[in-house]
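Here's the letter readout for the chains.
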Amino acid sequence: MQSSHAAAKVSARFDDPNLVAYGGLEPVARLAERCGLPTLVEGLVKLPVSKDGTGSFPAAKVMSLVSGMVAGADSFDDMDRLRHGGLSRLFVGVRAPSTLGSFLRSFTHGHVKQLHAVARRFLPALAAHTGLLPGAQAVAYVDIDDTIRRTYGYAKQGAGYGYSKVKDLNALLGIISTPLAAPVIAATRLRKGPTNSARGAAGFVAETIRAARACGAGGLLIVRADSAFYGADVVNACRAADARFSVTARMNASVKAAIAGIGESAWTAIKYPKAVWDEEGQCWISDAEIAETTYTTYTAFTSKPKKQQVTARLIVRRVKRLNPAALPEGQGTLFDTWRYHAAFTDSPLPLIDAERDHRRHAVVEQVIADVKNSAFAHAPSGHFQANAA
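Presented here is an overview of the structure given in this document. These figures come from a predicted structure and were not determined experimentally.

Re the overall build of the protein chain
- Helices and strands together make up the secondary structure of the protein chain, namely 12 helices and 13 strands.
- Principal-axis analysis of the C-alpha atoms places the extent of the protein chain at approximately 75 × 65 × 45 Å.
- A total of 389 residues make up the protein chain; the buried ones form 44% of that total.
- For the protein chain, the proportion of contacts with a sequence separation of at least 24, taken over those separated by at least 6, is 66%.

A few points about the environment of Gln385
- Secondary-structure assignment places Gln385 in helix 12 (residues 384–388).
- In sequence terms Gln385 and Gly110 are 275 residues apart; their C-alpha atoms lie 9.5 Å from each other.
- Setting aside chain neighbours within four positions, we find Gln385 in contact with Phe107, Thr108, His109 and Val112.

Comments concerning the packing of helix 3 (residues 58–70) against helix 5 (residues 97–105)
- In the contact formed by helix 3 and helix 5, the axes pass within 10 Å of each other and the chain directions differ by 110 degrees. On the basis of their axis angle, the class for helix 3 and helix 5 is roughly perpendicular. When you trace helix 3 past helix 5, the crossing you get is left-handed. Here Pro58, Lys61, Val62, Ser64 and Leu65 of helix 3 lie close against helix 5, whose contacting residues are Thr99, Leu100, Phe103 and Leu104.
- For the contact of helix 3 with helix 5, the residue count by class is 6 nonpolar, 2 polar and 1 charged.

Quick notes on the environment of Ala182
- Structurally, the position occupied by Ala182 is in strand 4 (residues 181–191).
- Distance in space between the C-alpha atoms of Ala182 and Val363 is 9.2 Å, their sequence separation being 181 residues.
- Not counting chain neighbours up to four residues away, the residues in contact with Ala182 comprise Leu133, Ile176 and Ser177.

With respect to the layout of surface pockets
- Here the second largest pocket is characterised by a volume of approximately 330 Å³.
- Along its surface, the second largest pocket is lined by 17 residues, and Ala29, Glu33, Met63, Phe91 and Val92 are the ones closest to its centre.
- Where the lining of the second largest pocket is concerned, the elements lending two or more residues are helix 1 (25–34) and helix 3.
- When grouped by side-chain class, the residues that make up the lining of the second largest pocket number 11 nonpolar, 3 polar and 3 charged.

Focus on a nonpolar patch on the surface
- On the surface, Val28, Val66, Met69 and Val70 cluster together into a nonpolar patch covering about 280 Å² of accessible area.
- At 3 residues, helix 3 tops the list of elements feeding residues into the nonpolar patch.
- Position of Met69 among the secondary structure elements: in helix 3.

Focus: the nonpolar core
- Counting 49 residues, the largest nonpolar core has Ile144, Tyr230, Leu314 and Phe344 as its most contacted members.
- Looking at this core, the element that brings in the most residues is helix 7 (residues 201–214), giving 6 residues.
- Every residue in contact with Tyr230, bar those within four places of it in the chain, is listed here: Val247, Thr248, Ala249, Arg250, Asn252, Val255, Tyr298, Ala300, Phe301 and Phe344.
- Leu40, Ala59, Leu104 and Val112 belong to the second largest nonpolar core, which has 30 residues in total.

Observations concerning unusual backbone geometry
- The phi dihedral of Lys165 is positive, around 65 degrees, even though this residue is not glycine.
- Within the fold, Lys165 resides in the loop between strand 2 (160–161) and strand 3 (167–178).

Quick look at helix 7
- Taking 1.5 Å as the rise per residue, helix 7 with 14 residues should run 20 Å; its terminal C-alpha atoms sit 20 Å apart, in good agreement.
- Burial runs high along helix 7: 10 of the 14 residues are buried.
- Of the positions making up helix 7, those classed as buried are Ala201, Ala202, Phe204, Val205, Ala206, Glu207, Thr208, Ile209, Ala211 and Ala212.
- The elements touched by buried residues of helix 7 are helix 6 (109–130), strand 1 (139–150), strand 3, strand 4, strand 5 (220–225) and helix 8 (232–240).
- Looking at the residues trailing helix 7, positive phi occurs at Gly216, about 105 degrees.

Structural notes on empty space enclosed by the protein
- Summed over the entire model, instances satisfying the criterion amount to 1 cavity of 30 Å³ or more.
- Taken as a whole, the largest cavity holds about 30 Å³ of empty space.
- What lines the largest cavity is simply Ile222, Arg224, Ser246, Thr345, Ser347, Leu349, Ala354, Asp357 and His358.
- At the level of elements, strand 5 and helix 10 (351–359) are the ones that each hand at least two residues to the lining of the largest cavity.
- Top contributing element to the lining of the largest cavity by residue count: helix 10, with 3 residues.
- Taken together, the residues that form the lining of the largest cavity break down as 3 nonpolar, 4 polar and 2 charged.

Concerning the packing of helix 7 against helix 8
- Remark: helix 7 packs on helix 8, axes separated minimally by 8 Å, with the N-to-C direction vectors making an angle of 25 degrees. One element, helix 7, and the other, helix 8, form an angle in the roughly parallel class. In this structure, helix 7 crosses over helix 8, and the sense of that crossing is right-handed. Contacts between helix 7 and helix 8 involve Ala201, Ala202, Val205 and Ile209 from the former and Asp233, Val234, Ala237 and Cys238 from the latter.
- Of the residues assigned to the contact of helix 7 with helix 8, the class counts are 7 nonpolar, no polar and 1 charged.

Cut-offs and rules
Residues numbered from 1 in each chain as written. Predicted model: local features only at pLDDT ≥ 70, side-chain atom pairs only at ≥ 80, totals over all residues. Heavy atoms only, no water. Helix = DSSP H or I, 4+ residues; strand = E, 2+ residues; numbered from the N terminus. Buried < 20%, exposed > 50% of the residue type's maximum accessible area, 1.4 Å probe, protein only. Contact = heavy atoms within 4.5 Å. Axes fitted to C-alpha atoms, helices over the stretch in contact; angles between N-to-C directions. Parallel < 35°, antiparallel > 145°, perpendicular 65-115°, else oblique. Left-handed = near helix turned anticlockwise from the far one by under 90°. Nonpolar A, V, L, I, M, F, W, Y, C, P; charged D, E, K, R; others polar. 1 Å grid on protein atoms, 1.4 Å probe; cavity = no way out; pocket = protein on both sides within 12 Å on 5 of 7 lines; lining within 4 Å. Points joined across faces, edges and corners; volume = space filled by probe spheres on them. Patch = residues over 30% accessible without salt bridge, like charges linked within 9 Å, V, L, I, M, F, W, Y side chains within 5 Å. Areas by Shrake-Rupley, 256 points an atom, 1.4 Å probe, with all protein chains shown as cover. Salt bridge = Lys/Arg side-chain N within 4 Å of Asp/Glu carboxyl O. Core = buried A, V, L, I, M, F, W, Y, C linked by side-chain atoms within 4.5 Å. Expected span 1.5 Å × (residues − 1).

That's the geometry; what it means functionally is another story.
Below, the structure written as structure tokens:
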């Protein structure tokens, strides 16, 4: 099939005053109003009102920004899509992109914290109104991770070189999920590029746990994180908030010693990529095996004061180390070698379930990918607090 017209001679235009490009915005905006988003913004976001009116009508401007992002906007110019076709007849109070840019650039760190307060109150209302997190009253998970957004040029405040070795801004995300629900972003923080992953993580974890509880997570709540967040402050923040933890352990000397003490008979094959179920033996034939340390418990952070040390389970997964390129052609290995992955956890679940649940922390990677393909596709402003907002 081929177009019958040259591209230069083809154009599209709205020829009906009632035509709406983003009809799905109407129920989204109505839902936000029913859950009290405009009222929360009016009550909590207090910007100084300048002569040009930059800080006035914050609710209308936040609703415009939220609606624009729902419609796929990831820059200030994209906010103009809210004024196409019949949208002006469907919505009132839509602000121009330049107005929204000025509004965000007027934010300070304190005003961004006010937006955080709005989000903390809005999410439980949304969960109550829509059944956002079914099953949360029984089991829920909080996943913590950070990511970077690469930046270019010299005018971007806060950009710097961090663990990625590229110039970037760093974002910290906390998500809530259940076995029956898709993950929901509960808390975010934009940070300077050189920021260490775990900086401020303990307070962030506590805030996300409180959000999960407010959304109905009244049963078992497990906080999952990778080794960047393996520290006494994060683990103790979980315990202080009456939540369980499952954090990838760094392979330090004490962890390696604990793994070395696991007997060969203690390892159990698990269902893993390319695993095969053996009907005769009623077991998995797999290159991955799991076990717990020979000690009933493992004490972490022993370099810290006694009250900060934590005793819990150390669950270990091992995978065969395969490197065919290192072997001469036709020569097999004399014995298996393994790569080890340890998780420090106080999960009450059986070994197989606890290890499988820990691996499901990878759900946060899909959330990060979705965020980078939507609102965080760009950090559109040179002002750090505007991007944070």
